[in-house]
Amino acid sequence: MVREEVQQLINSLIQIEHISTTLYLAMSVYLDRKNYTGMAKWLRLQSEEERTHMLTLIDYLAGKDGVVKWSDVPAQSSNYGTPLETFQKVLEHEEYVTNAYRQAYDYIKQVDPQTTVIIQDFLREQIDEEAQSLTIVERLKLAGDNSSALLLIDQELGQRQNGGTPVG
């Protein structure tokens with residue numbers, strides 16, 4: 001059985017991924033309602049990716065005979081502002097997630113080297129997550145209020161397939 005403190009740590013990361021999948025799905029619905037269907041698709045796929053992360057952590061903990069403990073997920077907003085404001089929130093959230101994994105890694109490497117591997121994989125992935133979000137934010141800043149530029153960005157983000165992003 002996995003040590004209690006490791007179990008608590010993994011459960012906190014499961015909660016973060018659960019919040020992430022819910023947040024990005026809410027953002028997707030919002031932007032779809034605003035007719036930014038490409039951005040909505042990008043966020044929906046991001047939500048699915050975060051759900052996959054959550055399931056990976058659940059499977060890891062369950063495979064070590066740990067107990068998954070569920071916490072309530074906060075209600076999500078139905079308004080995220082402009083596309084730029086929405087993706088600034090995405091970037092802020094990804095920075096928060098990176099920090100959580102960084103703290104988890106710093107702790108876990110001292111108490112459970114085996115679990116360090118999975119945490120390190122997620123931490124490595126966060127490099128790409130933040131870079132993608134930052135690129136989108138910077139492009140939206142360049143677009144400003146130019147509707148043609150916003151629609152081009154929307155179209156580009158709509159080309160995302162599972163497991164990747166056509167940005168950069």
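A separate point is the side chain of Gln 15. Within the fold, Gln 15 resides in helix 1 (residues 4-33). For Gln 15, a relative accessible area of 15% translates into the label buried. Leave out the neighbours within four places in its chain, and Gln 15 touches Ser 71, Asp 72 and Val 73.

For the rest of this paragraph, the subject is the pattern of salt bridges. Under the definition given, this model contains six salt bridges. When the shortest N-O distance is used, the salt bridge between Lys 141 and Glu 138 registers 3.7 Å. Residue Lys 141 and its partner Glu 138 are located together in helix 4 (residues 113-143), separated by three residues, close to a single helical turn. Glu 156 serves as the salt-bridge partner of Arg 139, at 2.8 Å between the closest nitrogen and oxygen. Of the two residues, Arg 139 is situated in helix 4 and Glu 156 in helix 5 (residues 147-157); the sequence distance between them amounts to 17 residues. Owing to a relative accessible area of 28%, Arg 139 belongs among the partly exposed residues under this scheme.

Here helix 2 (residues 37-63) contains 27 residues, and its C-alpha end-to-end distance of 38 Å stays within 8% of the 39 Å for a straight helix at 1.5 Å per residue. Two residues or fewer past helix 2, Asp 65 is found with a positive phi of approximately 60°.

One pass over the structure, following the stated rule, counts three aromatic pairs. Pairing Tyr 30 with Tyr 80 gives two aromatic rings, centres 5.9 Å apart and planes at 70°, and the pair type is edge-to-face. With a gap of 50 residues between them, Tyr 30 in helix 1 and Tyr 80 in the loop between helix 2 and helix 3 (83-111) connect regions that are remote in the sequence. Judged by relative accessible area, which is 4%, Tyr 80 ranks as buried. Summarising the aromatic geometry, the rings of Trp 42 and Phe 87 are spaced 5.6 Å apart at their centres and angled 65° between planes, so their arrangement reads as edge-to-face. Taken together, the residues span a long stretch of sequence, with Trp 42 in helix 2 and Phe 87 in helix 3 at a distance of 45 residues. With a relative accessible area of 0%, Phe 87 lands in the buried category. Between Arg 160 and the ring centre of Trp 42, over which it is positioned, the NZ or CZ distance is 4.8 Å.

Further remarks concern unusual backbone geometry. Most peptide bonds adopt trans geometry, and most residues besides glycine take a negative phi value. Positive phi is not limited to glycine here, since Asn 35 has a value of about 70°. Judged by its relative accessible area of 59%, Asn 35 falls in the exposed class. You will see that Asp 65, though not glycine, has its phi angle at about 60°, which is positive. Its location among the elements puts Asp 65 in the loop between helix 2 and helix 3.

This brings us to the packing of helix 2 against helix 3. When two helices pack together, their arrangement is given by the angle between their axes and by how far apart the axes lie. Across the interface, helix 2 lies against helix 3 with an axial gap of 12 Å and an inter-helix angle of 15°. Classified by the angle between their axes, helix 2 and helix 3 sit roughly parallel to one another. Seen from above, helix 2 lies across helix 3 with left-handed handedness. On helix 3, the residues that touch Met 39, Trp 42, Leu 43, Gln 46, Glu 50 and Leu 57 of helix 2 are Pro 83, Thr 86, Phe 87, Val 90, Glu 94 and Tyr 101. Here the residues of the contact of helix 2 with helix 3 are counted per class, giving eight nonpolar, two polar and two charged.

Let us look at the confidence of the model for the chain. Within the chain, residue pLDDT values average 94, and 96% of them lie at 70 or more. Across residues 164-168 the pLDDT falls below 50, and counting only partners more than four positions away or on other chains, this stretch makes 14 contacts in the model.

Thresholds applied
Residues numbered from 1 in each chain as written. Predicted model: local features only at pLDDT ≥ 70, side-chain atom pairs only at ≥ 80, totals over all residues. Heavy atoms only, no water. Helix = DSSP H or I, 4+ residues; strand = E, 2+ residues; numbered from the N terminus. Buried < 20%, exposed > 50% of the residue type's maximum accessible area, 1.4 Å probe, protein only. Contact = heavy atoms within 4.5 Å. Salt bridge = Lys/Arg side-chain N within 4 Å of Asp/Glu carboxyl O. Expected span 1.5 Å × (residues − 1). Phe/Tyr/Trp six-rings, centres within 6.5 Å; stacked < 30°, edge-to-face > 60°. Lys NZ or Arg CZ within 6 Å of the ring centre and 35° of its normal. Axes fitted to C-alpha atoms, helices over the stretch in contact; angles between N-to-C directions. Parallel < 35°, antiparallel > 145°, perpendicular 65-115°, else oblique. Left-handed = near helix turned anticlockwise from the far one by under 90°. Nonpolar A, V, L, I, M, F, W, Y, C, P; charged D, E, K, R; others polar. pLDDT = per-residue confidence, 0-100.

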